Amino acid sequence: MENFTMLQFFEWYYPADGSLWKQFAAEAQRLKDMGIESVWLPPAHKGMEGNQSNGYDSYDLYDLGEFDQKGSVATKYGTKQELIDAVAAGKQAGLRVYCDLVLNHMGGADEKETITVRKVEPTSRNEFISEPYQIEAFTKFTFPGRQGQYSQFVWDHQCFAGVDWDAGNEESAIFSIQNQYGEGWQDVMDNENGNYDYLMLCDIDFRNPNVRGEFKRWGKWFYDTVQMDGFRLDAIKHMDPQFYNEWLDFMRAEYGKELFTVGEYWAPYDLPSMVSYIDATEGRMSLFDAPLQANFHKASKSGNEYNLCTIFDGTLVQTNPMLAVTLVENHDTQPLQSLEQPVEGWFRPLAYALILLRADGYPCLFYSDLYGSHYQDTGGDGEDYKVTLNKVDELEALLYSRKNLAYGEQRDYFDHPNCIGWTRSGVVDRPGSGCAVLISNGEAGNKYMEIGREFAGKSMIDQLGKMAEDIVVNEDGWAEFKVNAGSVSVWTLKE
């Protein structure tokens, strides 16, 4: 088996200049040469904010930057043809391309409707706090700029389970739509607020068979148009898991392909609910390891007070490694974003070593860690902040080590709260493979570790260049490996 690595090829504050698809096309071969095997692209469809939208406010799933809607033809990332060309360039370079699907909600409706609703208690949403009554809501989507091309399906209030805006009375609240498919919320796995079906905008009602049928038609059109290799699914804890069971089964049967899929069930402090979701979907998709990302955040904030031996405790990669997509950061956890939980810069190389050089998990890199980012936005306190995310200088060397060296038996030495390590013994069909990794969140450290008799008498160097001296493995296959304070070293064969 070859070690695969995914890259999230965007961050929340990527410039709204229509350049991302072209940038990916230009970078595809370099990414492949660097050791990247798959790329997760942002939502390709038109959002309610037009070319300023990141795509997580879905307006028209059939508009990939082709129609003059919401004030622009192109999306934030470019035009439809540029998207198609970018995916083709990625595949030509040998990359697998995954597209981001936002099917939980829609926004920016074209017309208002008079609909029957019941208001719910925001923190206990199964509790109605009104009798049924009528409001005016933006729930009708006719897509006048597209004029029925590709699909003539019209979305109306029968397609939605809830809204948060009464346009007639200009009132913001959470309203449960009373339609023929149900008077309450859909069954979802997350019971935060009693039921967390409703997240934002017009909440799509998957109990409506016409909605499910339209998503199947759209899925075929999207795949035939773009030719992606798989999907990243947004906000799945707010959706009935049976929908994606049905939709993924349909798509995979239709095309006879795996269509690798990873879902965003963001529950950093609730691993049991993630495991329950995997059970409900019967392993049809992987999940991002939100608890591991939370552990990295806490470790980076706590310095030498954090016990590194516990870094994998309560994580998905420890519980179900085959379905864990591991990560250090993403567009939601980066500073000033909705799930802000950043990993401090000093710890990022350590965290990447922990996901890239071990046997378990499918690691996903974050755009800003490879390219860097600089942006300004308003924080939760109303103040403006300038943020600079420096690229992780060690990342390309860590990628090389993952692609070429981090194979074979893994021996763990998680035996000190501030200094942990492991070795990989290498495999015969990858000459020169094998490595020893040592991490410290405190003082400079050393650890006596076994790497294997096949390394006896050989010199090893720090692939990251942080330690100047060589280390020689003894005749029994052991050596005393070293690491600087608050750092990581990756020891590999000198030759």
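You'll find the structure just up there.
A. How the structure looks around the pairing of strand β26 (residues 478-483). A one-sided burial pattern is seen for β26, the buried positions being Ala479, Phe481 and Val483 and the unburied ones Trp478, Glu480 and Lys482. When strand β23 (residues 445-450) meets β26, the two strands line up antiparallel, connected through six bridges. Note on β26: the bridge partner recorded for Met449 is Ala479.

B. Representation of helix α3 (residues 209-226) in the model. Over its 18 residues, α3 extends 26 Å from the first C-alpha to the last, a length consistent with the 26 Å expected when each residue adds 1.5 Å. Here the buried face of α3 lies against α2 (80-92), β5 (96-101), β12 (202-204) and α4 (241-255). If you check the start of α3, you find a side-chain oxygen 2.8 Å away from the backbone N of Asn210, and it comes from Asn208. Positioned one or two residues after α3, Gln227 has a phi angle of 65°, which is positive.

C. Structural detail: the pairing of strand β11 (residues 171-177). Counting buried positions along β11 yields five of seven residues, so the element is predominantly enclosed. Bridge count between strand β7 (residues 111-121) and β11: three bridges; the pairing is antiparallel. Residue pairing in the sheet places Lys119 in a bridge with Phe175 of β11. Note that strand β10 (residues 160-166) and β11 share four bridges and pair antiparallel. In the strand pairing of β11, Trp165 is matched with Ser172. What sits between β10 and β11 in their antiparallel hairpin is a turn of four residues, with Glu170 showing a positive phi close to 50°.

D. Local environment of the environment of Trp21. Turning to its location among the elements, Trp21 is positioned in helix α1 (residues 20-34). Of the residues examined, Trp21 reaches a relative accessible area of 0% and is grouped as buried. The contact partners of Trp21, leaving out residues within four places of it in the chain, are Leu41, Pro42, Ala44, Thr75, Tyr77, Gly78, Thr79, Glu82, Leu83 and Ala86.

E. Seen up close, the environment of Glu450. Relative to the helices and strands, Glu450 resides in strand β23. The class of Glu450 is partly exposed, set by a relative accessible area of 21%. A sequence separation of 120 residues divides Glu450 from Asn330, and the C-alpha atoms of the two residues are 35 Å apart. In contact with Glu450, not counting residues within four places along its chain, are Arg411, Tyr413, Thr423, Asp476, Gly477 and Trp478.

Criteria and thresholds
- Residues numbered from 1 in each chain as written.
- Predicted model: local features only at pLDDT ≥ 70, side-chain atom pairs only at ≥ 80, totals over all residues.
- Heavy atoms only, no water.
- Buried < 20%, exposed > 50% of the residue type's maximum accessible area, 1.4 Å probe, protein only.
- Helix = DSSP H or I, 4+ residues; strand = E, 2+ residues; numbered from the N terminus.
- Pairing = 2+ DSSP bridges.
- Expected span 1.5 Å × (residues − 1).
- Contact = heavy atoms within 4.5 Å.
- Polar contact = N/O pair within 3.5 Å; in protein donor to acceptor, adjacent residues only side chain to side chain.

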